[in-house]
Each structure stands twice: as structure tokens, then as C-alpha cells.
Amino acid sequence: MAERDPGSRTGRNQLIRGLATAVLAAAMLVGSAGPGYGTRAATPAPGAQFTPLTAAVMTEPTPFVATDGRTHLSYELLTTSTLSSSTPLRLDRVDVRDARSGRVIGSLSGQPLADAANPVGDPLPGADGYTPPPPAPTPTVIQGSQQWVVWLDLVLDRGRPAPKVLEHHLSGAVLTPSGPTPFEETVQATPTARTAPLNLGPPVRPGTWYSSESCCGNTHHRRGLAPINGRLDVPQRFAIDWYRIGEQGQAWEGDPAQLTSYLSYRQPVVASAGGRVVEVQDGIADNPPPVTPPAPPIEETVGNHVTLEVAPGRYLLYAHLQAGSLEVREGDRVESGQVLGLIGNSGNSTTPHLHFQVMTTAESFPTDSPPFTFREFHVLGQVEPRIWDDNLGLQPTGVLPITPSPYEGTHHARYPLDREVLNF
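Throughout what follows, the structure given in this document is the object of discussion. Starting afresh in each chain, residues are numbered from 1 along the sequence in its written order. Given that the model is predicted, a residue must reach a pLDDT of at least 70 before its local features are reported, and side-chain atom pairs must reach 80 or more before they are shown or counted; all residues, however, enter totals for whole chains, interfaces and linings. With hydrogens and water stripped out, all remaining heavy atoms of the structure feed into the side-chain values.

The helix and strand labels rest on DSSP assignments: H or I over at least four residues marks a helix, E over at least two residues marks a strand, and numbering proceeds from the N terminus. In terms of regular secondary structure, the chain is built from 3 helices and 27 strands. Note on exposure labels: buried denotes an accessible area under 20% of the residue type's maximum, exposed denotes more than 50%, and partly exposed covers the range between, all computed with a 1.4 Å probe on protein chains only. Going through the 424 residues of the chain one by one, you find that 52% of them count as buried. Whether two residues are in contact is decided by their heavy atoms: any pair within 4.5 Å suffices. Look at the contacts in the chain between residues 6 or more apart in sequence, and 74% of them connect residues 24 or more apart. Per-residue accessibility takes into account occlusion by the displayed protein chains alone, with areas from the Shrake-Rupley method and a 1.4 Å probe. Approximately 18,500 Å² of the chain is accessible, and the part contributed by carbon and sulfur atoms is 53%.

What follows is the structure, given as C-alpha cells:
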């Protein structure tokens, strides 16, 4: 009897029909003797199975505590369909578990899963002025050979530590012409980071500030999937855009087409920790507000900026500074609280603000974006509804719609959540 070719049309169709048939195909494959392999059958690893989805994480998940007092884990699961291009599958549920206890610490299904997943290649969010696409329809259907990213933002029960190792349980159905074939798979055992986030001083002088585009919703920082140098990164995952706010909650006064109308403009930025200046860029002119500027080349995306090395593998980026305002040079040693420059509107910026983040490299692209906390701040309120930084100057007035926050008060060693108004 002739051996069955696993790459034949018949073999591929068997795999598509479901996991039960795939297991049979696997048994036939490992029992077949190929040239140079002898006649002894290979033995699969315990629990081995063919899986319709592969998965990989894009960063080391790092637990951090936010202003809600709860521990968060925010990272991405990059999934790829292994089926042929003509065979879609339906992803029904993603469970994130403690790999050691099996306890589920977070789940996505239905519309929340659809809201948290999109195909790679959807409109690229990676710049100020990004407006998020509408959520994908429910159910979540992944076409054959397609790659999707699932944006995981887990919030643990208060007082519960993060697991040391996570695993991801995916369930759904392969959609074949003869009907759906259910599947389940457990993928991507992932250690969580054991190094605590940097605990920093403020990046700006004392005053009232608006924390915009912060984690953990559908913002252009959190969901900025960027293809750089042949790989996908989320280089601004935990970046925050800081806007100075006046006593009446105003971000600007007078003519919003004038840079000087914005309270953030020419505000000093300061070192959040002592360290060494490893990169300085200057000489890029400010953009006229409030029209979103054309996308600049990658080397000018963050505009005039200062990068500090403050710990091994940890760098602070201060971006969109005013040309000619930088007060440090590469190689300088700086102390916490030292003035580095002034806020401007250079690079990919629509209205004056400070883009601040922690990076794992001295370069802003490519890099990874780990979480961080501030030693102390006082929450005053929050901004509702969603205001995007590209249209702050297009609002009827410069006064932000600030409402009470459930987290009002003083916080220590916390990460500010998106849209919070606070005092440093």
C-alpha cells in the first residue's frame, strides 16, 4: 500500500475537518517511514495535538498597580491561523490562567473579545491624531492563514498577586463546509516579570496635569502596533501624553491656532530620576495647532527629545520638546528634578504636550514599553467623554469636561490611568 502524503490535498482536507481527524492524520504521519528515518515510529510529546491557532506574546508581562489600587497586566497575544486560506475559524473565548494552579484570572468572549481583537494590518495606530477603528463584529472570525492580535488588559482581584507563569486557553470552532468543528487548545506558557516597574518622580513641574492616552483602553499608545525592522512591536504601550490644565479646567485660552494659547507650551520638563543623557535631538520646528500634521519620517516622529538612561535596560523618553529649549547634551549626568527642556509641538504632535514613557532601548523605534509608577500624585477627577489629543484645539472651548473620579485622593507608587486629571 502506498504511503499517504501529508502534504496532499487529501491530507490537508483531513486536517481542516477537525481535531479528531487531525489526530488520526498525526498517527499516520508518525507511523510512516520516510527516507533516512528508519522504521521505528516516532512518539509525540505528552498532550501533543495539531492546533488551528498558534500564539506568541509580544512582551514580558509586567504586573503594575494603577490608581484603582489593583494589579494590572497589559500585553498582547499574537495569534496566527494555521488553516488554509479558504478555511476560517471562530474564536469564542480566551482564558488567561495561572499556569501553576489553573485558576482563571481573566476571560474574553462575545463582544468584549471582539472589541479586544483585530487583524494585523488594520489601520495603524502609532501616532498622535489616531482615531481607533470600530470594533470587529461578533463573533470573532479569523480567516485561514490570517494573523490577529488580542489586546489583553487584565485586572486582578484586589490584594491578589500576579501569577508567576501565565497560560492561555483558546476555544472556538473550525468553520468547514460540513459544519463547525469545536477546538480547544492551551498555548503560550508565559513567565511574568519579576522586576518591579520603575518608581519615578514627576516628569513635569508641580501643577495640574491631564494624563491622556494612558493605559489601558483603546488608545493610540496602548494599541499602537508598529512594524519596524521586520518585526511587530508595541513601542508606546504605557506612554502618557501630559497636558497642563488651568484652575478652570482649561487646556488652552484665547486662539487655539496659536501655540502660546496652550497652557502646556514652554512648560519645563524635568528628570524623573537621576541618570545619564544618552540621546538628544533638536532643531525640529513646532507644528501650528490644531491641525494634525503630515506624518513625519520615523526619525522625526518623537520630535525634539531627550532620552535618559536611569537603570540597566531602562530609559526615559521626553518627546515633542520646543526647538532650542533643550538644556542638556549627550553624556551629561543629571539629577532627579533637573530641567531638561521645554514642552513644544514638534514631531508627530498636534497640540503642545509632553510625551513621556519608559523604554528598554535608547532608541524610540524599535523598543519595548514597560510600565512604571510615580512616587506620589493626587487625583482630582477624570475627563469624560473621550477627548483625543489631536482635537483638543477643535473643542468649542478649551475647558475639559472634568467629572469626579472614584479614585480621587493621594496615591503612592501608582500608574495614572487614562483621562485622569491630577496634581503632581
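Turning our attention to the environment of leucine 154. Topologically, leucine 154 is positioned in strand β8 (residues 147-155). Separated by 62 residues in sequence, leucine 154 and cysteine 216 place their C-alpha atoms 9.3 Å apart. Beyond its immediate stretch of four places on either side in the chain, leucine 154 contacts Thr71, His72, Leu73, Tyr75, Val96, Ile105 and Gly106.

Quick look at the packing of aromatic side chains now. For this analysis, a ring pair means two rings from Phe, Tyr or Trp (six-membered ring only for Trp) whose centres lie within 6.5 Å, classed as stacked if their planes differ by under 30 degrees, edge-to-face if by over 60, and tilted for the remaining angles. All chains considered together, the criterion is met by 12 aromatic pairs. Aromatic rings pair up to connect Phe64, Phe238, Trp242, Tyr318, Phe356, Phe372, Phe374, Tyr415 and Phe424 into one cluster.

On to the pattern of salt bridges, then. Only one rule defines a salt bridge in this text: a Lys or Arg side-chain nitrogen within 4 Å of an Asp or Glu carboxyl oxygen. All chains considered together, the criterion is met by 11 salt bridges. Residues arginine 93 and aspartate 95 are paired through a salt bridge, measuring 2.9 Å at the closest nitrogen-oxygen approach. According to the relative accessible area criterion, arginine 93 is partly exposed, its value standing at 35%. For aspartate 95, a relative accessible area of 8% gives the class buried. We note a salt bridge from arginine 276 to glutamate 309, for which the minimum N-O separation is 2.8 Å. Placement of the pair is arginine 276 in strand β17 (residues 275-281) and glutamate 309 in strand β18 (residues 304-311), with a sequence separation of 33 residues. Assessed through its relative accessible area of 22%, glutamate 309 is described here as partly exposed.

A word on the nonpolar core. If you look at the biggest cluster of nonpolar residues, it comprises 36 residues, and the most contacted ones within it are Leu200, Trp242, Leu308, Leu340, Leu354, Phe356 and Phe372. Breaking this core down by element, the ones donating at least two residues are β11 (198-200), β15 (240-244), β18, β19 (314-321), β22 (354-359), β23 (372-374) and β24 (377-383). Among the buried residues, those of types Ala, Val, Leu, Ile, Met, Phe, Trp, Tyr and Cys that are joined through side-chain atoms within 4.5 Å form a nonpolar core. Ranked by size, the runner-up nonpolar core spans 27 residues in total, among them Val94, Leu113, Val150 and Val187.

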